[in-house]
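Listed below are the residues making up each chain.
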Amino acid sequence: MDWLKIKDAAQAPVGTRCTLKGWVRTRRDSKAGLSFIDLNDGTAFQGLQVVAKSDLPNYESEILHLGTGCAIEAEGELVESKGKGQSVELQASAVRVVGLVDDPDTYPASAKRHTFEYLREQAHLRVRTNTFGAVARVRHALAVGIHRFFDERDFFYVHTPIITASDAEGAGEMFRVSTLDMHNPARTPEGEVDYNKDFFGREANLTVSGQLNVETYCCALSRVYTFGPTFRAENSNTSRHLAEFWMIEPEIAFADLNDDAQLAEDMLKYLFDDLLTRRADDMAFFNERIEPGLIDRLKHVIEKPFRRLPYTEAVEILKNAKKSFEFPVEWGSDLQSEHERYLTEEHFKQPVVVINYPKKIKAFYMRLNDAGTDGAPEETVAAMDILVPGIGEIVGGSQREERLDVLDRRIEEMGLIKDDYWWYRDLRRYGTVPHAGFGLGFERLIQFCTGMQNIRDVIPFPRAPRQADF
RNA sequence: UCCCCGAUAGCUCAAUGGUAGAGCGAGCGGCUGUUAACCGCUAGGUUGUAGGUUCGAGUCCUACUCGGGGAGCCA
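Residues numbered from 1 in each chain as written. Chains lettered and ligands numbered in written order. Predicted model: local features only at pLDDT ≥ 70, side-chain atom pairs only at ≥ 80, totals over all residues. Heavy atoms only, no water.

## A word on the sheet that holds strand E12 (residues 352–358)
Read from one edge to the other, the open sheet built from eight strands follows the order E6-E9-E10-E15-E14-E13-E12-E11, with strand pairing classed as mixed. Unpaired on one side and paired on the other, strand E6 (156–157) and strand E11 (307–310) mark the two borders of the sheet. Note that E6 and strand E9 (residues 223–231) share two bridges and pair parallel. The partner of tyrosine 157 across the bridge, within E9, is tyrosine 225. Of the strands in this sheet, E6, E9 and strand E10 (244–253) are in contact with helix H3 (residues 130–152), which crosses E9 at around 150°. Sitting on the sheet, helix H9 (residues 337–347) touches E12, strand E13 (380–388) and strand E14 (392–399), and the angle it makes with E13 is about 60°. (Pairing = 2+ DSSP bridges. Helix = DSSP H or I, 4+ residues; strand = E, 2+ residues; numbered from the N terminus. Contact = heavy atoms within 4.5 Å. Axes fitted to C-alpha atoms, helices over the stretch in contact; angles between N-to-C directions.)

## Digging into helix H7 (residues 294–303)
Looking at H7, one finds that the buried residues are Leu294, Ile295, Leu298 and Val301. The buried side chains of H7 occupy one side of the element, clustering within an arc of 125° when seen end-on. Along H7, exposed side chains directed more than 90 degrees from the buried face belong to Asp296 and Glu303. At its buried positions, H7 is contacted by helix H5 (257–278), helix H6 (280–290) and helix H12 (442–450). (Buried < 20%, exposed > 50% of the residue type's maximum accessible area, 1.4 Å probe, protein only. Arc of directions from axis to C-beta.)

## Structural notes on the pairing of strand E3 (residues 48–53)
Counting buried positions over the six residues of E3 gives five, a clear majority of the element. Across six bridges, the pairing between strand E2 (residues 34–40) and E3 is antiparallel. What sits directly across from aspartate 38, in E3, is glutamine 49.

## Thoughts on the pattern of salt bridges
Enumeration according to the criterion identifies 40 salt bridges in this entry. Residue lysine 197 pairs with aspartate 194 through a salt bridge whose shortest N-O separation is 3.2 Å. Using a relative accessible area of 58% as the deciding quantity, one classes lysine 197 as exposed. The class for aspartate 194 is buried, based on a relative accessible area of 10%. For aspartate 385, the salt bridge identified is with lysine 362, shortest N-O distance 3.5 Å. Remark: lysine 362 occurs in the loop between E12 and E13 and aspartate 385 occurs in strand E13; sequence separation between them is 23 residues. Neither aspartate 385 nor lysine 362 differs from the other in exposure class; each is buried. (Salt bridge = Lys/Arg side-chain N within 4 Å of Asp/Glu carboxyl O.)

## Regarding the environment of valine 135
Of note, valine 135 is situated in helix H3. Setting aside residues up to four positions removed in sequence, valine 135 forms contacts with Phe286, Met452, Asp457 and Val458.

## Observations concerning the packing of aromatic side chains
Taken as a whole and judged by the stated rule, the model has 20 aromatic pairs. Look at phenylalanine 227 and phenylalanine 442: their rings are 4.9 Å apart centre to centre, the planes differ by 70°, and that puts the pair in the edge-to-face class. Here phenylalanine 442 lies in helix H12 and phenylalanine 227 lies in strand E9, a separation of 215 residues in the sequence. For phenylalanine 227, a relative accessible area of 8% translates into the label buried. Taking relative accessible area as the criterion, phenylalanine 442 reaches 2% and is therefore assigned buried. Clustering of aromatic rings is evident, with ring pairs tying together Phe149, Phe150, Phe155, Tyr157, Tyr225 and Tyr270. Above the plane of the ring of tryptophan 3 lies lysine 5, whose end atom (NZ or CZ) is 4.0 Å from the centre. Taking the ring centre of tyrosine 424 as reference, the NZ or CZ of arginine 428 above it sits at 4.0 Å. (Phe/Tyr/Trp six-rings, centres within 6.5 Å; stacked < 30°, edge-to-face > 60°. Lys NZ or Arg CZ within 6 Å of the ring centre and 35° of its normal.)

So yeah, pure geometry; function would need other evidence.
Here you go:
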């Protein structure tokens, strides 16, 4: 008898004979001499109801003891359901127990409402719940959608290194990678730790961004992207930060900031549309139980062009806002969370692309704008942040400085060491081209698409300060 | 890392400084083509950890750990 995934069985014609395998969500008994088993195998949001009659040989001995979490195989025939709530169900000719639950009283994913905080401590079992199963499928759909989006547009997927010996990234605190004996490391004659004796012969860390590496491939393959794990050792304790997260970083050659912002906008819209189509079941759940209005909000985002505005103009809007902010707004200072939220949630009520930030608050590799761009009082760089309601910054990107002399000046101004960037500078010496790229936080994208409030609930096993269980 | 709040049964929460309770879940029984079912019974506790104040601490004080909200850093 064919083993069907529940997602397929739900679509199969009445009369189909098949086997289903999965985990019991609930069991309900009827005195009419039958039991109803909600079976879920994770292939779709909806499970399938298995009807087990009392004339099955193991009805008393096993079926009546099945509870939440038990693994079973059921074979039988798909029939039209006599009850409400489902169109088809499996009339079981046999139910085999595969794995029982030791102690139903302490089974952490019991059939009751649990808080996300509690389930986070049961990360190995939480995916058996409606919410986390849906998050897992949405996460997958978005990941696949990202690769498809880029593939359809002739981007190449580049595997940038996880371990970086360059200490030149400057995007945040880094995790050290070392094989030295922590208690008794090799030392130089001066008494310093001797990284010459370390595995790589120098200091090494986990990557905080694949950008610098992917720029090299961009300047040969034209359109590339990375999509991999990223590590920040910041002591950040918020609902939108992780120590280990996944980031998508496209990089496009012969392109400027406008091309970059357009790419990001096209990509986000493609992904939202793709998700609403491919995971309609899970999205309906998020729309109903997690964030009412979610689907309309995503459709609204798909339909309207993102609002693009210069930093200088954003500051003006904030200064003229009737709202009183905890932190004052001044040209030259970075936008605070409350400012970003005001722009995207209250003033424009849609995704906002802020471009051309003051150079002094941005990274060295961002392209210097001509003086007076947007009427700015000081120098700006071709940077852009995409702000979305509820999340804040979801994308950060820029056009890269392709002029060697300007780049060198910026490196110097920021007190960095030119030689550390020798290969990055080489790109500007040998056939340099205007190019641009951005970083999209994958978990923040999932948060935005699902309405899940805490970033630790959209990654299977979250890593955060003092949290690396599982 | 900073500010605020919290930690009591498997889970969610009550309990004036004076005998630790309820709902849900779980087990058993009743009822029912059931589906967030419903009714009854039963079990279930070193009140986060370590100190302190007090005749007496779940309750007050201190430290620590963990969680939540906000901030910073950012994606």
